[in-house]
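Coordinate inspection notes
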Amino acid sequence: YMIPALIAAGAVLEVAGSGGSCRIGIEEYLDKAADYAGCLILSVTVPEKIKLLSKRYSNTAQSHAVLTMSAAVCGDGIVMAAALKNSGIYRLMDFEKALKADPEMSDDDIISWFRNWDTIKVEADMFGGEDYKRYLMGVTACDFRAGLASGSGKEVES
């Protein structure tokens with residue numbers, strides 16, 4: 001549940017292993033997870049006063065989430081990440097670039113963008129079909145863009 005929020009926030013981890021400790025960005029840590037298998041995470045640091053939105057979709061509070069998405073304002077753009085059940089954890093860089101290229105993208109265009117996003121394979125399962133999961137990502141991205149533009153993101157203090 002927290003990984004998309006940590007990615008969107010640009011979190012930095014301090015990890016300790018047999019070779020000592022180091023600081024590494026969350027995305028690099030996830031990309032090289034096998035290299036850090038025997039390490040202990042000592043701390044997680046996020047930038048000060050970052051605006052962050054996060055949303056989790058599941059059948060019940062106790063059940064696995066079909067989708068967890070987070071977004072934060074970073075510099076002159078929005079950073080988004082998603083954890084999609086049975087598909088993976090993604091930094092939504094392709095969408096971030098599309099939104100930066102067309103900041104006035106309509107909600108219908110955003111939903112269509114996720115419906116046609118071909119960089120990932122979205123698996124259908126008992127939690128929902130591919131179309132449903134893609135639709136959830138699209139409407140959540142619309143909500144996040146509107147929420148961050150209006151300043152309604154929760155301010156995270158480090």
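Structure: above.
Residues numbered from 1 in each chain as written. Predicted model: local features only at pLDDT ≥ 70, side-chain atom pairs only at ≥ 80, totals over all residues. Heavy atoms only, no water.

Let us look at the layout of surface pockets. Looking at the largest pocket, its volume works out to about 170 Å³. In this structure, the largest pocket is lined by V73, D76, G77, I78, E96, L99, K100, P103 and R145. Of all the secondary structure elements, the ones that give two or more residues to the lining of the largest pocket are β6 (77–84) and α3 (93–101). The element best represented in the lining of the largest pocket is α3, accounting for three residues. Here the lining of the largest pocket is built from residues that sort into four nonpolar, one polar and four charged. (1 Å grid on protein atoms, 1.4 Å probe; cavity = no way out; pocket = protein on both sides within 12 Å on 5 of 7 lines; lining within 4 Å. Points joined across faces, edges and corners; volume = space filled by probe spheres on them. Helix = DSSP H or I, 4+ residues; strand = E, 2+ residues; numbered from the N terminus. Nonpolar A, V, L, I, M, F, W, Y, C, P; charged D, E, K, R; others polar.)

Once that is clear, we can look at helix α5 (residues 130–149). Helix length check: α5, at 20 residues, gives a terminal C-alpha distance of 29 Å against a target of 28 Å (1.5 Å per residue), a fit within 8%. Trailing α5 by a residue or two, G151 shows a phi angle of about 80 degrees, which is positive. (Expected span 1.5 Å × (residues − 1).)

Below, the discussion takes up the packing of aromatic side chains. This structure, assessed with the given rule, holds seven aromatic pairs. Aromatic side chains Y29 and Y36 sit 5.4 Å apart centroid to centroid with 35 degrees between the ring planes, which places their arrangement in the tilted category. Here Y29 matches Y36 in class, with each residue buried. Among the aromatic residues, those joined into a ring-pair cluster are Y90, F95, W113, F114 and W117. Sitting above the plane of the Y57 ring, K55 keeps its charged end 5.2 Å from the centroid. (Phe/Tyr/Trp six-rings, centres within 6.5 Å; stacked < 30°, edge-to-face > 60°. Buried < 20%, exposed > 50% of the residue type's maximum accessible area, 1.4 Å probe, protein only. Lys NZ or Arg CZ within 6 Å of the ring centre and 35° of its normal.)

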